[in-house]
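# Examining the three-dimensional arrangement
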Amino acid sequence: MKDMKPFIVEIVFGIILIGVSFFVKNDYYSTMVFSMGFGLIAASVAQMIRITYWKNPKRQEAYEAKKQEAHINSVDERKQYLRMKAGHITYQIMTLLLLILSLILALIRVDLWVIAMIFLLFVVQWVIGIIVYRILEKKM
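One structure accompanies this document, and this report is about it.

Scanning the protein from terminus to terminus reveals 5 helices and 0 strands. Helices (α) and strands (β) of the protein occur, in sequence order from the N terminus, as α-α-α-α-α. A compact globule built from 140 residues should have a C-alpha radius of gyration of about 14 Å, whereas the protein, at 22 Å, is more than 25% larger. For the protein, the spread of C-alpha atoms along the principal axes amounts to about 60 × 55 × 25 Å. Looking at the protein as a whole, 18% of its 140 residues are labelled buried. Here the contacts in the protein between residues at least 6 apart in sequence split such that 44% fall between residues at least 24 apart.

What follows is the structure, given as structure tokens:
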């Protein structure tokens, strides 16, 4: 039950969102709030089913093996390096894509606020990358 407590809270929050959606007058926002509530409930129920499935005594041995493998993968230095490398490559690709997207949008004369928003995402990603690098540099 202790494992499921956060999911029960999320289900209650999802029910609240669905209830609030009936009082929102604008159809667009009403649908958005309703969908967020429904999605939150569905995801929480799916996680509760997953926990219940793996807590079954018949699957205890397989569950322990799965936990052991996850622990080994989390402390394996090679896999840690691969995760960091994948994150770095993804960061580089997204930076390039945001710059190219803002250029393409400028060439086809999209509204200035859209171009500014995409370029601002590039700047924010770049700044966050520098901050995270400096923090990690001090820790290691």
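Within the structure shown, the criterion is met by 5 aromatic pairs. Look at Tyr-53 and Trp-54: their rings are 5.3 Å apart centre to centre, the planes differ by 85°, and that puts the pair in the edge-to-face class. The exposure class assigned to Trp-54 is buried, which follows from its relative accessible area of 17%. Among the aromatic residues, those joined into a ring-pair cluster are Tyr-53, Trp-54 and Tyr-63.

It is worth spelling out the pattern of salt bridges at this point. Scanning the entire structure with this criterion turns up 2 salt bridges. In this structure, the salt-bridge partner of Lys-55 is Asp-3, at a minimum N-O distance of 3.1 Å. Taken together, the residues span a long stretch of sequence, with Lys-55 in helix H2 (residues 27-55) and Asp-3 in the segment before helix H1 (5-21) at a distance of 52 residues. By relative accessible area, Asp-3 is classed as partly exposed at 40%. Of the charged contacts, one joins Lys-67 and Glu-64 as a salt bridge, the two residues approaching to 3.8 Å between their closest N and O atoms. You can see Lys-67 and its partner Glu-64 sitting in helix H3 (residues 60-75), 3 residues apart, about one turn around the helix. Judged by relative accessible area, Lys-67 falls into the partly exposed class, the value being 42%.

What follows is about helix H4 (residues 77-107). The first and last C-alpha atoms of H4 sit 45 Å apart over 31 residues, in line with the 45 Å expected at 1.5 Å per residue. Buried residues along H4 sit against helix H5 (112-139). Just downstream of H4, Arg-109 is the residue with a positive phi angle, here 60°.

Here is what the cut-offs are and how they apply
Residues numbered from 1 in each chain as written. Predicted model: local features only at pLDDT ≥ 70, side-chain atom pairs only at ≥ 80, totals over all residues. Heavy atoms only, no water. Helix = DSSP H or I, 4+ residues; strand = E, 2+ residues; numbered from the N terminus. Rg over C-alpha atoms; globule rule 2.2 N^0.38 Å. Buried < 20%, exposed > 50% of the residue type's maximum accessible area, 1.4 Å probe, protein only. Contact = heavy atoms within 4.5 Å. Phe/Tyr/Trp six-rings, centres within 6.5 Å; stacked < 30°, edge-to-face > 60°. Salt bridge = Lys/Arg side-chain N within 4 Å of Asp/Glu carboxyl O. Expected span 1.5 Å × (residues − 1).

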